[in-house]
Amino acid sequence: MTPTKPSKTTPAKSARTSSKAIKTPAKTSAKALEKTPASAPVQSNALDFESDARPRERRQRVQAAETGMVVLKGLARLGGRASLTALAAHVDESPAKVHRYLMSLIAEGLVDQEVATQQYHLGLEALMVGVAAMRQADPLRISEPVLIRLRESLAVTCFIAVMGNKGPTIVRFEEPALPVTVNVRVGSVLSMLWSATGRAFLGALDEAPIQRMALAELAEAPDDLRALLDRDDPIGGLRRRVRAAGCATVKDTNLRGISAVSAPLYDHTGRPCAVLTALGATGGFDVSPNGKVVEAVKREAAAASAALGYTG
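Summary of the structure given here. (Residues numbered from 1 in each chain as written. Predicted model: local features only at pLDDT ≥ 70, side-chain atom pairs only at ≥ 80, totals over all residues. Heavy atoms only, no water.)

With that settled, the discussion passes to the overall build of the chain. A count of helical and extended segments in the chain gives 12 helices and 8 strands. Looking at the chain as a whole, 35% of its 312 residues are labelled buried. In the chain, once contacts between residues fewer than 6 apart in sequence are set aside, the share between residues at least 24 apart is 51%. With an accessible surface of roughly 19400 Å², the chain has 55% of that area assigned to carbon and sulfur atoms. (Helix = DSSP H or I, 4+ residues; strand = E, 2+ residues; numbered from the N terminus. Buried < 20%, exposed > 50% of the residue type's maximum accessible area, 1.4 Å probe, protein only. Contact = heavy atoms within 4.5 Å. Areas by Shrake-Rupley, 256 points an atom, 1.4 Å probe, with all protein chains shown as cover.)

Rendered as structure tokens:
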């Protein structure tokens, strides 16, 4: 019998061989993950954490941006200048939290701090944003969708007028599918005293040229029209009524058989810049203070004023 030859495998080699025989989990590469079917279970807890962390991080960024805008708008509503305590109370947040956001806004130039008083105020970048917004606040552009809404909701003729050197002048005009025949169009100049548009300007504007126009019309008015105004203070009484109502109404005064409702539009400075008017045939046009026409005109005028930056 031939004796068996001893194995030449050394202990170290055996250890290496045995280690090869043991199958250990391989590390998952990025390419392998890309090839993994969507239905296959993901083995790495780290990947689960990353997928959960990304939406959470996005939400936190959005929430931080929202809080920053609340602080910035709060400062603007306080007149553009306030102490930390007053601003924190206004936005209902802790002073420490508001201070952190103010530091970020200062870094972006949207807020600045006065050294002497320690008060915070709107910075140069906020001013530039405001200037850009004011350039876009064109009453004619903003009033176009307002006119369309009024025309569609009330089925009446409506227009926008501005104050010209000869009086209220129509600059935008919209008619419904079945219009009421009136002899006014774009470019028409309306009466200060006997049109709703003129009365709305008269009530909103306290300027010498407006008063002179009204006085000139009053001097030439027939007795039946003069009888519609206050005997002792015709123009002053008319202005007070318009201001108290927030709009002006007429019935068969400027045009026979035509009634109208008008409300002023205000810009960011609080100055009346235009007047919105709706008109229709007197028989089917309600000019009562709580009527749907009056409410709609006042509502749309307020919406247009807000779009122009008016906060009154």
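This is not the end of the story, as more comes after the structure.
Another point: the packing of aromatic side chains. Counted under the stated rule, the structure contains 2 aromatic pairs. Where F159 meets F173, the ring centres are 6.1 Å apart and the plane angle is 5°; that geometry is what we call stacked. Here F173 lies in strand β5 (residues 167-174) and F159 lies in strand β4 (residues 157-164), a separation of 14 residues in the sequence. In this structure, F159 and F173 share a single accessibility class: buried. Where Y266 meets Y310, the ring centres are 5.0 Å apart and the plane angle is 25°; that geometry is what we call stacked. One end of the pair, Y266, is in strand β7 (residues 258-266); the other, Y310, is in the segment after α12 (292-307), and 44 residues separate them in sequence. (Phe/Tyr/Trp six-rings, centres within 6.5 Å; stacked < 30°, edge-to-face > 60°.)

A few words now on the nonpolar core. Ranked by size, the top nonpolar core spans 31 residues in total, and within it F159, L193 and L202 carry the most contacts. Those elements giving two or more residues to this core turn out to be β4, β5, α8 (196-204), α9 (208-220), α11 (234-245), β6 (248-251), β7 and β8 (272-281). Residues within four places of L202 in sequence aside, it is in contact with M192, L193, I210, Q211, A214, I235, L238 and R239. Counting residues in each nonpolar core, the second largest holds 25 residues, with C247, V294, A296 and A304 among its members. (Core = buried A, V, L, I, M, F, W, Y, C linked by side-chain atoms within 4.5 Å.)

What follows concerns α9. Compared with the 18 Å implied by 1.5 Å per residue over 13 residues, the 19 Å span of α9 between its first and last C-alpha is a close match. Those residues of α9 lying buried are I210, M213, A214 and L218. The buried residues of α9 all sit within an arc of 135° when viewed along its axis, so they share a single face. Exposed residues pointing more than 90 degrees away from the buried face of α9 are listed as R212, L215, A219 and E220. (Expected span 1.5 Å × (residues − 1). Arc of directions from axis to C-beta.)

What follows deals with the side chain of S305. As for its placement among the helices and strands, S305 is situated in helix α12. Here S305 falls in the buried class, since its relative accessible area comes to 3%. Not counting chain neighbours up to four residues away, the residues in contact with S305 comprise P264, L265, Y266 and Y310.

Packing of α9 against α11 brings their axes to within 10 Å, and their N-to-C directions diverge by 120°. Here α9 is positioned oblique relative to α11, judged by the angle of their axes. Between α9 and α11 lies a crossing whose hand is right-handed. The residues of α11 that touch α9, namely those facing Q211, A214, L215 and L218, are P234, I235 and R239. When its residues are assigned to classes, the contact of α9 with α11 shows 5 nonpolar, 1 polar and 1 charged. (Axes fitted to C-alpha atoms, helices over the stretch in contact; angles between N-to-C directions. Parallel < 35°, antiparallel > 145°, perpendicular 65-115°, else oblique. Left-handed = near helix turned anticlockwise from the far one by under 90°. Nonpolar A, V, L, I, M, F, W, Y, C, P; charged D, E, K, R; others polar.)

Moving on: the pattern of salt bridges. Applying the stated criterion across every chain yields a total of 11 salt bridges. For E207, the salt bridge is made with R271, and the minimal N-O distance between the two is 2.8 Å. Of this pair, E207 sits in the loop between α8 and α9 while R271 sits in the loop between β7 and β8; the two residues are 64 residues apart in sequence, bridging distant segments of the chain. The partner of R240 in a salt bridge is D233, and the shortest N-O contact between them spans 3.3 Å. The exposure class assigned to D233 is partly exposed, which follows from its relative accessible area of 31%. Counted as one network, the salt bridges with shared partners bring together R151, E152 and E174. (Salt bridge = Lys/Arg side-chain N within 4 Å of Asp/Glu carboxyl O.)

Our next topic: unusual backbone geometry. With a phi close to 55°, A155 is a non-glycine residue in the positive phi region. With a relative accessible area of 53%, A155 lands in the exposed category. If you check the backbone angles, D252 has positive phi at about 65° while not being a glycine. For D252, a relative accessible area of 22% gives the class partly exposed.

On the surface, a cluster of nonpolar side chains totalling about 320 Å² of accessible area is made up of L124, L127 and M128. Within the secondary structure, M128 is located in helix α6 (residues 124-136). Judged by its relative accessible area of 47%, M128 falls in the partly exposed class. (Patch = residues over 30% accessible without salt bridge, like charges linked within 9 Å, V, L, I, M, F, W, Y side chains within 5 Å.)

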